[in-house]
Amino acid sequence: MKKILIVTFIFTMSFILFGCAYNAQEKQLQKFITTHVNKIEPITTQANLTYWDASTTGKTEYYDKLSRLQLGISGIYSNHKEYAFLKTIKESGQVRDARLTRQLDKLYYAYLRNQIEPELLEKLVDSDTKIQEKYNTFRGTIEGKKVTMSDIYTIMTTEKNTPKRELAWRASKQVGDAIVDDLIRLVKLRNKAARKVGFDNYHTMSIVTGEQDVEELDRIFDQLCELTNKPFARMKEELDRILADSYGIAPEDLMPWHYHDPFFQRTPLVYELDLDIYYRKHDVKELVERYYAGVGLPVDDILARSDLYDREGKYPHAFSEDVDRRGDVRILCNLQNTERWMETILHELGHAIYSKYHDRKEPWLLREPAHSFTTEAIAMFFGRLSRNPAWMREMLGLSEKEHKEIEKVSEKYLEFQQVLLARWVMVMYNFEKQLYANPDQDLNNLWWELVEKYQLVKRPPGPVDAGWASKLHFTSAPCYYHNYMLGELLASQLHYHIVHNIFKLESDEGVSYVGRKKLGDYLRTKVLGPGALYHWNDMNARATGQPLTPKYFVEQFVK
Ligand SMILES: [Zn+2]
């Protein structure tokens, strides 16, 4: 009885303190937030459930319902009067309470992104759909014969004959020339929309409304470039020797079509290691359940709500979904007992625990990851374990001999894969930035300048085409690519901090992360619990003692 009284007293006191502490603007904002969340929460939950139904069944009726709900959501955020209210409140500088400030920022940017006039919005959507349609139905040709992307991948990973490789590579880029004019029109429309709300171009708008800063991204990528210049040149030289040997040519004769991927964004198969043999005898679902429980982040409830196995009509990839920000978190997978699915389910459950362990006492608007790249970082942190020899040894009960064998190849593979990714993202980030800054420049030439600079791949002889436009991300996920890299950087920064400051070890050698409850405790209190309570870089600093830096990524992978 006494206890209850004290609790009530404290609650009343803090309520009074809070109530009194709010100034006029803060009170107005709190009222706005309450009304807004009452509207947005039910429709968001509905949309999430509908997305789940659509993805698990593939039925058109759910997709139709989903687009209606999404229109409803963007309808709420496009309200001019509400945007004007938030803008005035923000510019007043009177909102001082930390929680309110964070909610204000999130709301303000969400409204800002949606302040596009209906006519312009319609043009944008039309243009986007048109390109995606063209893209989906276009088939490249080799000597007049239509080929699919999977035909092209087969040639690029197996064919030894150079002229045949060149034809396949060129076929993969043909769609670029077919859609580039539409894409440039779309870029200009996006710029027009951005200028109407006061930005110099759409790239800047995307970065700023995504709570990032162009100068800071430039600094991070410049530093990453500098730190990987020499290691990448060394790895590339070694790779070139191996590849040239396999084609019976000299390294200096290697052209873009000699790499195993149209954009040289994936590790050539010369370093590929087949880990499936170790997973075949295991049940990847049982492994993740046991693993996450062992680090104090149990996922049995998530798995019980999830859709894990392949079925007709079901979405063929994987994702994690926070349905209601109240604990209904699910993942979708198409599990097989292979290394790829081991990685995928570890990854998706990384997203899922981020959502599950948000502190539910925080306001609804802050029960989200600090940023989309921070949840990617947690997912990558766990996903990387599927290739970690120490983790595999403990989880799969491997012999010392097997462990040594994996260690020998995996280090080199990981090093190459990660550094190559960094160099590729530099091309994408810098190209996109310049594309929106000036869409009328010689973009085909710019693309090859960046590829030569960052990926050390030679441009083909003769006039260059718009092959770059065959990267669909320019259309469907504009100005987002850099976040994949930021996720990797943060995953490494967390890794370093946990090994050195939480586990208090001298190095990460042999660290398996198996059965370490301290890992779960740390992540829950420093990263997952606070959700979006802090700006992502503030969260980084609180969790690792410093802002985001590429230093630890390089330290982890460049040996
Ligand atoms: Zn992910």
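Residues numbered from 1 in each chain as written. Predicted model: local features only at pLDDT ≥ 70, side-chain atom pairs only at ≥ 80, totals over all residues. Heavy atoms only, no water.

### Focus: the pattern of salt bridges
Item 1. Evaluation of the coordinates by the stated rule reveals 37 salt bridges.
Item 2. The partner of Asp 301 in a salt bridge is Lys 356, and the shortest N-O contact between them spans 3.0 Å. On the criterion of sequence distance, the pair formed by Asp 301 in helix H13 (residues 300-305) and Lys 356 in helix H14 (residues 339-356) is long-range, its members being 55 residues apart.
Item 3. We note a salt bridge from Arg 311 to Asp 307, for which the minimum N-O separation is 3.0 Å.
Item 4. Overall, the relative accessible area of 39% leaves Arg 311 in the partly exposed class.
Item 5. The network of salt bridges with shared partners includes Asp 301, Arg 305, Asp 328, Arg 330 and Lys 356. (Salt bridge = Lys/Arg side-chain N within 4 Å of Asp/Glu carboxyl O. Helix = DSSP H or I, 4+ residues; strand = E, 2+ residues; numbered from the N terminus. Buried < 20%, exposed > 50% of the residue type's maximum accessible area, 1.4 Å probe, protein only.)

### Side note on the packing of helix H17 (residues 400-437) against helix H20 (residues 482-502)
Item 1. Running from N to C, H17 and H20 cross one another at 145°; their axes reach a closest spacing of 9 Å. Our pair here, H17 against H20, has a crossing hand that is left-handed. Together, Gln 418, Leu 421, Ala 422, Val 425 and Tyr 429 of H17 and His 482, Met 485 and Glu 488 of H20 make up the contact between the two elements.
Item 2. Here the contact of H17 with H20 is built from residues that sort into 5 nonpolar, 2 polar and 1 charged. (Axes fitted to C-alpha atoms, helices over the stretch in contact; angles between N-to-C directions. Left-handed = near helix turned anticlockwise from the far one by under 90°. Contact = heavy atoms within 4.5 Å. Nonpolar A, V, L, I, M, F, W, Y, C, P; charged D, E, K, R; others polar.)

### Let's talk about H17
Item 1. The first and last C-alpha atoms of H17 sit 55 Å apart over 38 residues, in line with the 56 Å expected at 1.5 Å per residue.
Item 2. At Ser 410, H17 shows its maximal kink, close to 25°. (Expected span 1.5 Å × (residues − 1). Bend = angle between axes of the 7 residues up to and from the residue.)

### Things to note about the side chain of Ser 55
Item 1. Take Ser 55: it is sitting in helix H2 (residues 24-57).
Item 2. Of the polar contacts made by the side chain of Ser 55, one reaches the backbone oxygen of Tyr 51; its length is 2.7 Å.
Item 3. Aside from chain neighbours lying at most four places away, what touches Ser 55 is Tyr 63, Gly 313, Lys 314, Tyr 315, Phe 319 and Leu 332. (Polar contact = N/O pair within 3.5 Å; in protein donor to acceptor, adjacent residues only side chain to side chain.)

### Looking at the nonpolar core
Item 1. Among the nonpolar cores identified, the biggest contains 168 residues, and Tyr 291, Phe 382, Trp 447 and Trp 468 are the most heavily contacted of them.
Item 2. Residue contacts for Phe 382: discarding those within four places in its chain leaves Tyr 291, Tyr 292, Leu 297, Leu 346, Gly 350, Ile 353, Leu 519 and Leu 523. (Core = buried A, V, L, I, M, F, W, Y, C linked by side-chain atoms within 4.5 Å.)

### Section: the environment of Glu 488
Item 1. Inspection of the secondary structure puts Glu 488 in helix H20.
Item 2. Here the alpha-carbon distance between Glu 488 and Ala 379, two residues 109 residues apart in the chain, equals 9.7 Å.
Item 3. Ignoring anything within four residues of it in the chain, the contact list for Glu 488 reads Met 380, Arg 384, Gln 418, Leu 421 and Phe 553.

### What about the confidence of the model for the chain?
Detailed reading of predicted coordinates is not advised where the pLDDT is low.
Item 1. Chain-level statistics for the chain give a pLDDT mean of 93 and a share of 96% at 70 or above.
Item 2. Note that pLDDT drops below 50 for residues 1-19; the model gives that stretch 2 contacts with residues more than four away or on any other chain. (pLDDT = per-residue confidence, 0-100.)

### Points about helix H15 (residues 372-383)
Item 1. When the terminal C-alpha atoms of H15 are compared, their 16 Å separation across 12 residues agrees well with the 16 Å that a helix rising 1.5 Å per residue should span.
Item 2. Taken together, the buried positions of H15 are occupied by Phe 373, Thr 374, Thr 375, Glu 376, Ala 377, Ile 378, Ala 379, Met 380, Phe 381, Phe 382 and Gly 383.
Item 3. Those residues of H15 hidden inside the fold are in contact with helix H12 (284-294), H14, H20, helix H21 (517-528) and helix H22 (536-544).

### Overview of unusual backbone geometry
Item 1. The phi dihedral of Cys 479 falls on the positive side, at around 55°, and the residue is not glycine.
Item 2. Topologically, Cys 479 is positioned in the loop between helix H19 (473-476) and H20.
Item 3. Despite not being glycine, Lys 504 shows a phi value in the positive range, around 55°.
Item 4. On the secondary structure map, Lys 504 appears in the loop between H20 and H21.
Item 5. Residue Lys 504 is classed as exposed on the basis of its relative accessible area, which comes to 65%.

### Side note on the packing of aromatic side chains
Item 1. For the coordinates displayed, the defined rule picks out 34 aromatic pairs.
Item 2. With a centroid separation of 6.1 Å and an interplanar angle of 90°, the aromatic rings of Trp 424 and Tyr 481 are classed as edge-to-face. With a gap of 57 residues between them, Trp 424 in helix H17 and Tyr 481 in the loop between H19 and H20 connect regions that are remote in the sequence.
Item 3. Positioned above the aromatic ring of Trp 364, the side-chain terminus of Arg 325 is 3.7 Å from the ring centre.
Item 4. The side chain of Arg 542 reaches across the aromatic face of Tyr 534, ending 3.9 Å from its centre. (Phe/Tyr/Trp six-rings, centres within 6.5 Å; stacked < 30°, edge-to-face > 60°. Lys NZ or Arg CZ within 6 Å of the ring centre and 35° of its normal.)

### Description of the environment of Leu 66
Item 1. Summarising the element assignment, Leu 66 is placed in helix H3 (residues 60-77).
Item 2. Judged by its relative accessible area of 8%, Leu 66 is buried.
Item 3. Considered as a pair, Leu 66 and Leu 49 are 17 residues apart in the sequence and their alpha carbons are 9.1 Å apart.
Item 4. The contact partners of Leu 66, leaving out residues within four places of it in the chain, are Ala 47, Thr 50 and Tyr 51.

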